[in-house]
Amino acid sequence: MVNLTPLLPELFLFCWALVVLASDLFSKRRSASLPGYLSLAGLVITGFLLIPAHDAYLWGGMFVSDPFAVFFKIIFLGAAFMAIGSSFGLAGRMTHHRGEYFTLILFSTVGMMFLASAKELITLYVGLELTTIPLYVLAAYTKSSRASTEAGLKYMIIGAVSSAVLLYGLSIIYGLTGTTFLQQITINLSIYWLSYGELGPAFSIALMAILAGLAFKLALVPFHMWAPDVYEGSPTPVTAFLSVGSKAAGLAAIVRIFVGAFIAFATPVMAPRDWGSTLAVLAAITMIVGNIVAIRQTNIKRMLAYSSIAQAGYIMVGVVAASNLGVSAISFYVFSYMFANMGAFAIVAIIAERTGSEQIADLAGFSKSSPVLAGLMAIFILSLAGIPPLAGFLAKYYVFAAAVQAGYTWLVVLALLTSVIAYYYYANVIRMMYLSADPNPHHIVPSFPAGLVLALAGIGVILFGLMPEPILKLAIAAASSFVF
Amino acid sequence: MMTVPLDYYIILSAFLFAIGAIGVVVSRNLIVMFMAVEIMLNAANLALIAFSRFLKLMDGHVFVFLVMTVAAAEAAVGLAIVIAVFRARESVNADSLNLMKW
């Protein structure tokens, strides 16, 4: 009998998702609060189940529960918690399928948790699909809306193509190494390399296919075209979940495969069989395009979409570093990005629900009508921009430090220049809220769950900016899951 | 007994993958685009099976089973979304998905 204890959080959350589904089926009340609060409770309990997790593995190392996996699982749970918390308004207006909405978010979270724990190609692929298939449905959730179905379809086709490309790369890796276990892949590749002194073009093709497949999931330029459309068309809480949860999941996969299995091919010394320089170029154009195109956006969801594309570029700077510091830096980065981005999207959801507008221009005078919300929005935006006392600043600092240490000074200089561009469009939102003379007619008070999300995000952004030690410790432990 | 060499399978799989990729890009019909994606997935499946048989290992076979399951789930969700799109705009032409542009 296999001891399934390391799998307990996933199993629990999966069963809990079914409970949530059933609760909506059997409850007669037409409100979102029962399945919603049940989901929130389930996520909190799953979080507690994660605490006793220690280095453990199942099925010969297919599924591992190492500090890296646990750290990312905390991020997924946090993202799901905040996405569900800001969904109550949306779900309350649904006439049908309210329970399914929450259940799908939980299912997707379970997939992400599997993905973070996967140390084997089959588990990794299935985990990735378990993550994205519920997200296709969620993106198209408001069936009557043309924008939402269009977003769902675009996401679906791009997602299917990217996973096919990824799978093709994985199949070549399997053919070259004869194993699906990441650890064994590293060993077999080195044996291959030592005996033949060459890996042949097949390995390069596989590397590029895997990189392209995962770059689609992370929306790195030039694989980003789907992201703004999908982010704009999807229901706002789903957009938030996509931009944090799904991105963190793709990142976990990239780190597992490239830093975990192909670490020997990180440096340009191995050219043309290296992935470091390719990923550095992708990161560079992602930061440039993401930040520059964000400037001309008038829709705030679209602006945040481009901003999150640029953020993925900054995260890739840390992956390129492929070092102990690099992995701990990106772990911390995603953690702080989760609070800031989920918070910003939660406010957008609250405002859009009340005013029906997603335009940046309609934020005019917002600081006078709803000062607390405006203040929080300013904090989230400043954290995304990387302004000092907030968590986003430290995150950027560590990522850039890791890249400099790894010798990618040009990339860091570029990253700094593009963050200056980013100040322009981030500041534009704050300028609209605070300096515009137009009176804003909407005094907006968030509902209790949305307020909880905002409080959590606000505390996270400020607290982990001022005293990041506990999270940094966890992030450093996460990096210890890899051998450098 | 004469067997087909591994190279043939891999070349066929590369061709299938290319056909699928071109199909997704060129086709304007959403249903045909889905079929093209399935061809891409099956190209990867063929490579996995060929490698698995060549290496005399079972991992590839297991992988293919799971990929087929995933592809079925994806097709189910995908076709449901296509139907939702069709209901909203009476068309399954990809060019009609033009509500959002940068």
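All values reported here derive from a predicted model rather than from experimental measurement.

> Go over the overall build of chain A with me, naming the residues and quoting the values.
Summing up its helical and strand segments, chain A has 20 helices and 2 strands in all. For a compact globule of 484 residues, the expected C-alpha radius of gyration is about 23 Å, and chain A comes in at 21 Å, within 12% of that figure. Each of the three principal axes of chain A carries a C-alpha extent, and together these read 75 × 55 × 40 Å. Within chain A, the fraction of its 484 residues that count as buried is 65%. In chain A, of all internal contacts separated by at least 6 residues, the share reaching a separation of at least 24 is 81%. As displayed, chain A has an accessible area near 16300 Å², and 72% of this comes from carbon and sulfur atoms. Between the averaged position of the 22 positive side-chain charges in chain A and that of its 17 negative side-chain charges there is a distance of 7 Å.

> An account of the packing of helix H10 (residues 226–233) of chain A against helix H13 (residues 300–321) of chain A is requested, with residue identities and associated values reported.
Residue and element names in this part refer to chain A. Contact geometry of H10 with H13 gives a least axis separation of 8 Å together with a crossing angle of 140°. As judged from the angle between their axes, H10 and H13 are oblique. Considering how the two elements wind past one another, H10 and H13 form a crossing that is right-handed. For the pair H10 and H13, the contacting residues are Ala227, Pro228, Asp229, Tyr231 and Glu232 in the first and Lys301, Arg302, Ala305, Tyr306, Ser308 and Ile309 in the second. Considering only residue class, the contact of H10 with H13 consists of 6 nonpolar, 1 polar and 4 charged.

> An account of the interface of chain A and chain B is needed here, citing residue identities and associated values.
Each side of the interface is counted separately: chain A has 41 residues, and chain B has 43 residues. Taking both sides of the interface into account, the surface hidden between chain A and chain B amounts to around 3700 Å²; carbon and sulfur atoms contribute 77%. The largest per-residue losses of area from chain A upon contact with chain B belong to Leu153, Tyr168 and Tyr174 of chain A, which jointly make up 19% of the total buried on that side. For the salt bridge of Glu150 of chain A with Arg89 of chain B, the shortest nitrogen-to-oxygen distance reads 3.1 Å. At the level of secondary structure, the elements contributing two or more residues to the side of chain A that touches chain B comprise helix H6 (121–139), helix H7 (146–177), H10 and H13 of chain A.

> Would you mind going over the confidence of the model for chain A in detail, with residue names and values included?
The share of residues in chain A with pLDDT of 70 or more is 98%, and the mean pLDDT across the chain is 87. Per-element confidence in chain A ranges from a low mean pLDDT of 79 for strand S1 (residues 56–58) of chain A to a high of 93 for H6 of chain A.

> Before we move on, could you go through the nonpolar core and cite the residues and values that matter?
All names here are of chain A. Counting 218 residues, the largest nonpolar core has Leu251, Phe258, Phe262, Trp275, Met316 and Val319 as its most contacted members. The greatest single-element share of this core, amounting to 19 residues, is contributed by helix H14 (residues 324–355). Residue contacts for Met316: discarding those within four places in its chain leaves Leu218, Leu220, Leu251, Ile254, Leu279 and Ala283.

> Please provide a residue-by-residue account of the pattern of salt bridges, values included.
What the rule picks out here adds up to 8 salt bridges over all chains. Its salt-bridge partner being Asp229 of chain A, residue Arg302 of chain A comes within 3.1 Å of it at the nearest N-O pair. A residue pair is termed long-range when its members are at least 10 positions apart, and Arg302 of chain A in helix H13 and Asp229 of chain A in helix H10 qualify at 73 residues. Connected through salt bridges with shared partners, the residues Glu150, Lys154, Asp229, Glu232 and Arg302 of chain A together with Arg89 of chain B form a single ionic network.

> I'd like to hear about the environment of Ile172 of chain A, residue by residue, with values.
In this fold, Ile172 of chain A is placed in helix H7. A sequence separation of 53 residues divides Ile172 of chain A from Met225 of chain A, and the C-alpha atoms of the two residues are 27 Å apart. When near neighbours in sequence (up to four residues on either side) are disregarded, Ile172 of chain A contacts Ala202, Ile205 and Ala206 of chain A together with Phe51 of chain B.

The rules behind these values
Residues numbered from 1 in each chain as written. Chains lettered and ligands numbered in written order. Predicted model: local features only at pLDDT ≥ 70, side-chain atom pairs only at ≥ 80, totals over all residues. Heavy atoms only, no water. Helix = DSSP H or I, 4+ residues; strand = E, 2+ residues; numbered from the N terminus. Rg over C-alpha atoms; globule rule 2.2 N^0.38 Å. Buried < 20%, exposed > 50% of the residue type's maximum accessible area, 1.4 Å probe, protein only. Contact = heavy atoms within 4.5 Å. Areas by Shrake-Rupley, 256 points an atom, 1.4 Å probe, with all protein chains shown as cover. Lys, Arg positive; Asp, Glu negative; His and termini not counted. Charge placed at Lys NZ, Arg CZ, Asp CG, Glu CD. Axes fitted to C-alpha atoms, helices over the stretch in contact; angles between N-to-C directions. Parallel < 35°, antiparallel > 145°, perpendicular 65-115°, else oblique. Left-handed = near helix turned anticlockwise from the far one by under 90°. Nonpolar A, V, L, I, M, F, W, Y, C, P; charged D, E, K, R; others polar. Buried area = accessible area lost by both parts, 1.4 Å probe. Salt bridge = Lys/Arg side-chain N within 4 Å of Asp/Glu carboxyl O. pLDDT = per-residue confidence, 0-100. Core = buried A, V, L, I, M, F, W, Y, C linked by side-chain atoms within 4.5 Å.

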